[in-house]
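Observations on the three-dimensional arrangement
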Amino acid sequence: MDALHPRLLVADFAACFAFYDAVLPPLLGAHLAKGTTQGPYANWDLGDQAVLVLFDRAAMAATLGTAPAPADAAPVDTGMFVCRVADVDAAYALCLAHGGTPVLPPTDRPEWGPTLRSAHLRDPQGTLIELQSY
């Protein structure tokens, strides 16, 4: 049973699918459980638990009977996808190599924890991602 997992509503499903399909297996060991680049739905699991779900924004709007947000709308950070990784620098480089956009490079953050290191980037949709190790 999947108790909790993020579901990102995305306008460019193919780009976001390609990004997460490239980075989730090496970052978290997650595997694609369902979906293709054509959408409108895909999910990656770790064991039998969902790690991340993508859902096409227009398909969700149609389900709700509302208009989708414009595809070119600036991202509004109301949440972020946080991944604990073994090596923040390597994870950051992997994400950038697969289309992530840098926000803050890998940085030691002793104010957050004595051994905490983090980096921030955006996926192709603009969702904020934090990579962290501690």
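Within any chain, residue numbers begin from 1 and follow the written order of that chain's sequence. The predicted nature of this model means local features are confined to residues of pLDDT at least 70 and side-chain atom pairs, given and counted, to a pLDDT of 80 or more, with totals for whole chains, interfaces and linings taken over all residues. Side-chain calculation: all heavy atoms of the structure are included, whereas hydrogens and water are not.

Right, let's get into the environment of His 31. Only DSSP runs of H or I reaching four residues or more are called helices, and only runs of E reaching two or more are called strands; each is numbered from the N terminus. With respect to the helices and strands, His 31 occurs in strand β2 (residues 31-34). A residue is classified by how much of its surface remains accessible, and His 31, at 38% relative accessible area, is partly exposed. Residue contacts follow a heavy-atom distance rule, with two residues in contact if any of their heavy atoms lie within 4.5 Å. Setting aside anything within four residues of it in sequence, one finds His 31 in contact with Asn 43, Trp 44, Asp 45 and Gly 47. Burial classification: accessible surface area is computed with a 1.4 Å probe over protein chains only, and a residue below 20% of its type maximum counts as buried, one above 50% as exposed, and the rest as partly exposed.

In protein, a polar contact requires one atom able to donate a hydrogen and another able to accept it; more generally it is a pair of N or O atoms within 3.5 Å, and residues adjacent in sequence count only if both atoms are side-chain atoms. For helix α2 (residues 57-64), the side-chain oxygen to backbone nitrogen distance between the N-cap and Ala 58 is 3.1 Å, and the N-cap itself is Asp 56. One or two residues past the end of α2 sits Gly 65, with phi positive at roughly 75°.

On to the packing of helix α1 (residues 13-28) against helix α3 (residues 88-97), then. Every axis in this analysis is a line fitted to C-alpha atoms, fitted for helices over the stretch in contact. Angles between the N-to-C directions lie between 0 and 180 degrees. Axis separation between α1 and α3 bottoms out at 9 Å; the angle between their running directions is 160°. If you check the angle between α1 and α3, you find them roughly antiparallel. Here α1 runs over α3; the crossing is right-handed. For the pair α1 and α3, contact is made by Phe 19, Val 23, Pro 26 and Leu 27 and by Ala 91, Leu 94 and Cys 95, respectively. Residue polarity is assigned by list, with Asp, Glu, Lys and Arg as charged and Ala, Val, Leu, Ile, Met, Phe, Trp, Tyr, Cys and Pro as nonpolar; anything else, Gly included, falls into the polar class. Across the contact of α1 with α3, the residue classes tally to seven nonpolar, no polar and no charged. Working rule for angles: under 35 degrees goes down as roughly parallel, over 145 as roughly antiparallel, 65 to 115 as roughly perpendicular, anything else as oblique. Handedness of a helix crossing follows the sense of rotation of the near helix relative to the far helix, less than a right angle counterclockwise being left-handed and clockwise being right-handed.

Residue types Ala, Val, Leu, Ile, Met, Phe, Trp, Tyr and Cys, when buried and joined through side-chain atoms within 4.5 Å, form a set referred to as a nonpolar core. Ranked by size, the top nonpolar core spans 27 residues in total, and within it Tyr 20, Trp 44, Leu 52, Leu 54, Phe 81 and Leu 131 carry the most contacts. If we skip the residues at most four places from it in the chain, Leu 52 touches Pro 6, Leu 8, Tyr 20, Leu 24, Ala 42, Asn 43, Trp 44 and Phe 81.

Let us now look at the sheet that holds strand β6 (residues 101-108). By definition, two strands form a pair when at least two bridges between them are found by DSSP. Reading across from one edge, β5-β8-β7-β6 is the order of the four strands in this open sheet, with mixed pairing throughout. In this open sheet, the two strands that pair with only one neighbour each are β5 (81-84) and β6. In this sheet, neighbouring strand axes are inclined to one another by 15° on average, regardless of whether the strands run parallel or antiparallel. Pairing geometry for β5 and strand β8 (residues 128-133), over four bridges, is parallel. Bridge pairing in β8 places Val 82 opposite Glu 130. Along the sheet face, α1 touches β5, β7 (117-122) and β8 and points at about 35° away from the line of β5. Running at roughly 175° to β6, α3 makes contact with β6, β7 and β8 of the sheet.

A word on the side chain of Glu 130. Note on placement: Glu 130 falls in strand β8. A positive count includes Lys and Arg, and a negative count includes Asp and Glu. His and the chain ends are not counted in either. Definition used for salt bridges: Asp or Glu carboxyl oxygen within 4 Å of a side-chain nitrogen of Lys or Arg. Here Glu 130 is buried and forms no salt bridge, its nearest opposite-charge partner Arg 109 lying at an N-O distance of 6.4 Å. In terms of polar contacts, Glu 130 uses its side chain to reach the side chain of Gln 132, at 2.5 Å. Leave out the neighbours within four places in its chain, and Glu 130 touches Met 80, Phe 81, Val 82, Cys 83, Trp 112, Ser 118, Ala 119 and His 120.

Bringing the pattern of salt bridges into the picture now. Pairs can form between side chains of opposite charge once their charged atoms are near each other. Within this structure, the stated rule accounts for three salt bridges. A salt bridge links Asp 89 to Arg 117; its shortest N-O distance comes to 2.8 Å. Of the two residues, Asp 89 is situated in helix α3 and Arg 117 in strand β7; the sequence distance between them amounts to 28 residues. Owing to a relative accessible area of 34%, Asp 89 belongs among the partly exposed residues under this scheme.

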